[in-house]
Amino acid sequence: MSLFNTFQVAGSALTAQSLRLNAVASNLANADSIVSSDGKPYQAIQVVFSAVPMGNAAAQGVRVTQVVHDSSPGRRVYDPRSPAADEKGYVTMPNVNVVEEMTNMISASRSYQTNAEVMNTAKQLLLKTLALGQ
Amino acid sequence: MLNKLDRLFSFQQQALSLRAHRQQVLASNIANADTPNYLARDFDFAAALQQTVAGRRQDGVALTRTSPCHLPGMGDSPVRLAYRQPLQASADGNTVEMDVERGLFAENSFFYEAGTTFLTHQVKSMLAAVQP
């Protein structure tokens, strides 16, 4: 039944968007982490979405295929008193772009809401179908 | 008798299953609104319904069997999906326009509900006809 596929599709989108929201949260939380577990400044992470068929070819869900580290150079701040400063007094900060992460967060939460609404509509239609003939 | 009942309900039943199919296609578009290079898809409902009522499925794609051991394969989609022409193409190659998709999704769910209502009333009038 195709309406059940709608659940799968919207559910996969919910999972993907919540993963994206998680990535945003860790990027924002670590926007000032000059030392991460490997001793280098924190690198921003981004999720990669791709469409995957679900149930049949017409139903395309979303899946996070990989989580990539942003390889762009971090911004350099002059702070000679910091223990992480190099010989010229510069500290390499994480390459997290806070503005970008905020827009990412808004986009992810809106998409999450929309897909939750899609699921709700599908549920209502299925309930109507169950009540057919009564 | 059952044959006649079947014929009475079959139109609404086919319309409903096409609506359900379209609901799933539109849900896929909404789900992939942030997927790069995803192309939004849809089908012409009126044409698909006419084809279905006329007893022709639009897919017409069947696997060639070169050995009797091969399983017969048919496209499981009852309709031929087309790609939507975007009004404003986005930079990442995604052609989903949320306002269009949301509008069509709401319209489609409305018509699905209308279909269930029609079917319910048909059932009720048949029940009234068979009351002693």
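Quick caveat, the model's predicted, so the values are computed rather than measured. (Residues numbered from 1 in each chain as written. Chains lettered and ligands numbered in written order. Predicted model: local features only at pLDDT ≥ 70, side-chain atom pairs only at ≥ 80, totals over all residues.)

So, on to the overall build of chain A. Along chain A, the regular secondary structure elements total 2 helices and 4 strands. Put simply, chain A runs from its N terminus to its C terminus through helices and strands in the order α-β-β-β-β-α. Against the globule reference of 14 Å for 134 residues, chain A gives a C-alpha radius of gyration of 21 Å, more extended than a compact globule. Expressed as lengths along the three principal axes of its C-alpha atoms, the size of chain A is roughly 80 × 25 × 20 Å. Looking at chain A residue by residue over its 134 residues, the buried ones come to 28%. Here the analysis covers contacts within chain A between residues at least 6 apart in sequence; of these, 62% occur between residues at least 24 apart. (Helix = DSSP H or I, 4+ residues; strand = E, 2+ residues; numbered from the N terminus. Rg over C-alpha atoms; globule rule 2.2 N^0.38 Å. Buried ≥ 20, exposed ≤ 12 C-beta atoms within 10 Å, placed from the backbone. Contact = placed C-beta atoms within 7 Å.)

This paragraph deals with the interface of chain A and chain B. Facing 31 residues of chain A, the contacting portion of chain B comprises 26 residues. In terms of residues, the side of chain A that touches chain B owes the most to one element, helix 2 (residues 98–130) of chain A, which gives 10 residues. By residue class, the composition of the side of chain A that touches chain B is 15 nonpolar, 15 polar and 1 charged. (Nonpolar A, V, L, I, M, F, W, Y, C, P; charged D, E, K, R; others polar.)

Before going further, it helps to examine the environment of Thr92(A). Residues and elements named next belong to chain A. The residue Thr-92 is located in strand 4 (residues 90–92) in this model. Residue class for Thr-92 comes out partly exposed when judged on the 16 C-beta atoms lying within 10 Å of it. C-alpha separation for the pair Thr-92 and Arg-75, spaced 17 residues apart in sequence, amounts to 5.9 Å. Those residues within four positions of Thr-92 in sequence are excluded, and the remaining contacts are Pro-41, Gly-74 and Arg-76.

Residue and element names in this part refer to chain A. As paired strands, strand 1 (residues 45–54) and strand 2 (residues 56–69) are joined by 10 bridges and run antiparallel to one another. Paired with Met-54 across the strands is Asn-56, a residue of strand 2. Following strand 1, the chain reverses through 1 residue before pairing antiparallel with strand 2; Gly-55 in that reversal takes a positive phi of roughly 75°. (Pairing = 2+ DSSP bridges.)

Residues and elements named next belong to chain B. The pLDDT averaged across chain B works out to 86; a share of 89% of its residues lies at or above 70. Looking at the elements of chain B, mean pLDDT is at its lowest for helix 2 (residues 45–53), recorded as 88, and at its highest for helix 3 (residues 98–129), recorded as 94. Per the prediction output, this complex has pTM 0.84; the corresponding ipTM is 0.85. (pLDDT = per-residue confidence, 0-100.)

A word on the environment of Glu101(A). Residues and elements named next belong to chain A. In this fold, Glu-101 is placed in helix 2. By the C-beta count within 10 Å, which is 19 here, Glu-101 ends up partly exposed. Separated by 75 residues in sequence, Glu-101 and Ser-26 place their C-alpha atoms 10 Å apart. Not counting chain neighbours up to four residues away, the residues in contact with Glu-101 comprise Val-24, Asn-27, Leu-28 and Val-96.

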